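Examining the three-dimensional arrangement
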Amino acid sequence: MTHERLVAVVPAWNEAGAIGRVVEEIKAFDPAMEIVVVDDASTDETAIVAEAHGATVLRLLFNVGIGGAVQTGLRYARDEGYEIAVRLDGDGQHDASELGKLLEPIRAGEADIVIGSRFVDPGGAYRPPFARRLGIRVFARLVSLLGGQKVTDTTSGFLALNRRGIELFATEYPHDYPEVEATLVGLRSGLRLEQVQVDMRERQAGTSSITFVRSLYYIVKVTLALLVASLRRYPRLEPSQ
Amino acid sequence: MTPVRASVAGAIASLILILVVVELVRGRRLKERYALLWLATGIVLLVLSVWRDGLNTIAGWLGVTGYPPAVLFAVATLFIMLVLLHYSTVISRLTDENVDLAQRIALLEERLNRSEQQQAD
């Protein structure tokens, strides 16, 4: 059997301090995987560092938000004919050594999208602050209700996609705060979704983009997007073989 | 009844609006497709200002018995909201198109670099 074609999409905005290690960890997991760092108009050396570590770098002209950055990487994956894409954050919170768990259901042909969830296993180590846990849970309930499948962690950006998933999200991916809505879009388009338990780390460097005002915007924007997405019609994708 | 002065003021204001919009289009500083709603605003306000019986009648339908020119304000406000809403849809479309362009440029640039490198090798 020929080696399956795998690509890692890593959105990064001002992550010069963390991106090198992220790239190295992905290489350590699978040296054959192409690593695409999407530089969302960083003002630091993110692109240079990523390139120095051997990643393919896609440079966005201006900041388009994490969703727009991920979509750029997925367009690359689609155009280059990749069969499987994984997505990890550029800040190092996703542990590349857990990629195997995400890839398993895809390789077995059981899922089109696999999300690394921190809450599949109730005994998982991740214990976010109360407000955040509540938000994550509310969105998970809402997506489960609107999408017709139980989802435990809709805010996770740690995921793997097969060709169907790549093709869907290369065209349909929200531009800011995308994860929750994308999960629902996937379900409504008929993607088979699976979740696997993963742990996530604290950020390696840089600052999180989440502040109080932004969290309010996040909640309102995502709720509206979910309600609108459930009114929209998405093309049902044929099950892949 | 509508005071004559209110009608005259309304007519002058709407005429100025129409003239300014036409001049902007003539000088190619405003595209026809974005001028249409403004022109409609000016024409409707002009008609309601000049056609005093009509304004009084409409005010009567709406239960505005005290001061019919209030209907002029209401209509003007409604049209301004329409124009703004239209702009919001235009901005949304432009945002999507912009992002699409940035993504395409990023992809093309990478492809160009790669093929230049392959040629150099």
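Residues numbered from 1 in each chain as written. Chains lettered and ligands numbered in written order. Predicted model: local features only at pLDDT ≥ 70, side-chain atom pairs only at ≥ 80, totals over all residues.

What follows is about the overall build of chain A. A count of helices and strands for chain A gives 8 helices and 7 strands. Split into buried and exposed, the 241 residues of chain A put 47% on the buried side. Taking as baseline every contact in chain A between residues at least 6 positions apart, the subset at least 24 positions apart corresponds to 77%. (Helix = DSSP H or I, 4+ residues; strand = E, 2+ residues; numbered from the N terminus. Buried ≥ 20, exposed ≤ 12 C-beta atoms within 10 Å, placed from the backbone. Contact = placed C-beta atoms within 7 Å.)

Running from N to C, helix α3 (residues 65–79) of chain A and helix α4 (residues 70–120) of chain B point in directions that differ by 50°, and their axes come no closer than 10 Å. It follows that α3(A) is oblique to α4(B) by the angle criterion. The handedness of the crossing between α3(A) and α4(B) is right-handed. Residues A:Gly68, A:Gln71, A:Thr72, A:Arg75, A:Tyr76 and A:Asp79 of α3(A) touch α4(B), and the partners they reach there are B:Val99, B:Gln103, B:Ala106 and B:Leu107. Of the residues assigned to the contact of α3(A) with α4(B), the class counts are 4 nonpolar, 4 polar and 2 charged. (Axes fitted to C-alpha atoms, helices over the stretch in contact; angles between N-to-C directions. Parallel < 35°, antiparallel > 145°, perpendicular 65-115°, else oblique. Left-handed = near helix turned anticlockwise from the far one by under 90°. Nonpolar A, V, L, I, M, F, W, Y, C, P; charged D, E, K, R; others polar.)

This part covers the interface of chain B and chain A. Counting residues at the interface gives 8 residues for chain B, matched by 14 residues for chain A. Split by residue class, the side of chain B that touches chain A holds 5 nonpolar, 1 polar and 2 charged.

This brings us to helix α8 (residues 212–231) of chain A. Residues and elements named next belong to chain A. Taking 1.5 Å of rise per residue, 20 residues should cover 28 Å, and α8 covers 29 Å from first to last C-alpha, within 8% of that figure. Listing the buried residues of α8 in full gives Val-222, Leu-226 and Ala-229. The buried residues of α8 occupy an angular sector of 70° when projected down its axis, which confines them to one face. In this structure, α8 carries Val-213, Leu-216, Val-220, Leu-224, Leu-227, Val-228 and Leu-231 as exposed residues pointing more than 90 degrees from its buried face. For α8, the elements touching its buried residues are α5 (130–147) and α7 (179–188). (Expected span 1.5 Å × (residues − 1). Arc of directions from axis to C-beta.)

Once that is clear, we can look at the sheet that holds strand β3 (residues 56–59) of chain A. Residues and elements named next belong to chain A. Strand order in this open sheet of 7 strands is β3-β2-β1-β4-β6-β5-β7, and the pairing throughout is mixed. The strands lining the two open edges of the sheet, one partner per strand, are β3 and β7 (193–197). This sheet shows a mean twist of 20° between the axes of neighbouring strands, independent of strand direction. Here 3 bridges tie strand β5 (residues 113–117) to strand β6 (residues 159–161), and the two strands are oriented antiparallel to one another. Counted as the bridge partner of Ile-113 is Leu-161 from β6. The sheet contacts of α3 involve β1 (6–12), β2 (34–39), β3 and β4 (84–87), and relative to β1 the element is tilted by about 155°. (Pairing = 2+ DSSP bridges.)

For A:Tyr177, which is not a glycine, the phi torsion comes out positive at approximately 45°. Not every positive phi belongs to a glycine, and B:Arg28 is a case in point at roughly 60°. Residue position: B:Arg28 is located in the loop between α1 (4–26) and α2 (32–50). The class for B:Arg28 is exposed, based on 7 C-beta atoms found within 10 Å.

The subject of this paragraph is the pairing of β3(A). Across 4 bridges, β2(A) lies against β3(A) in parallel orientation. Bridged to A:Val36 within β3(A) is A:Thr56.

Residues and elements named next belong to chain B. On average, chain B scores 95 in pLDDT, and the residues at 70 or more come to 100%. No element of chain B has a lower mean pLDDT than helix α3 (residues 52–61), at 93, and none a higher one than α1, at 96. The ipTM value of the predicted complex is 0.87, and its pTM value is 0.88. (pLDDT = per-residue confidence, 0-100.)

As a further point, take the environment of A:Gly190. Residues and elements named next belong to chain A. Inspection of the secondary structure assignment puts Gly-190 in the loop between α7 and β7. By C-beta crowding, Gly-190 is classed as partly exposed, having 15 other C-beta atoms within 10 Å. Remark: the alpha-carbon pair of Gly-190 and Arg-236, spanning 46 residues in sequence, is separated by 5.6 Å. Once you skip the residues sitting within four places of it in the chain, Gly-190 turns out to touch Arg-236 and Leu-237.

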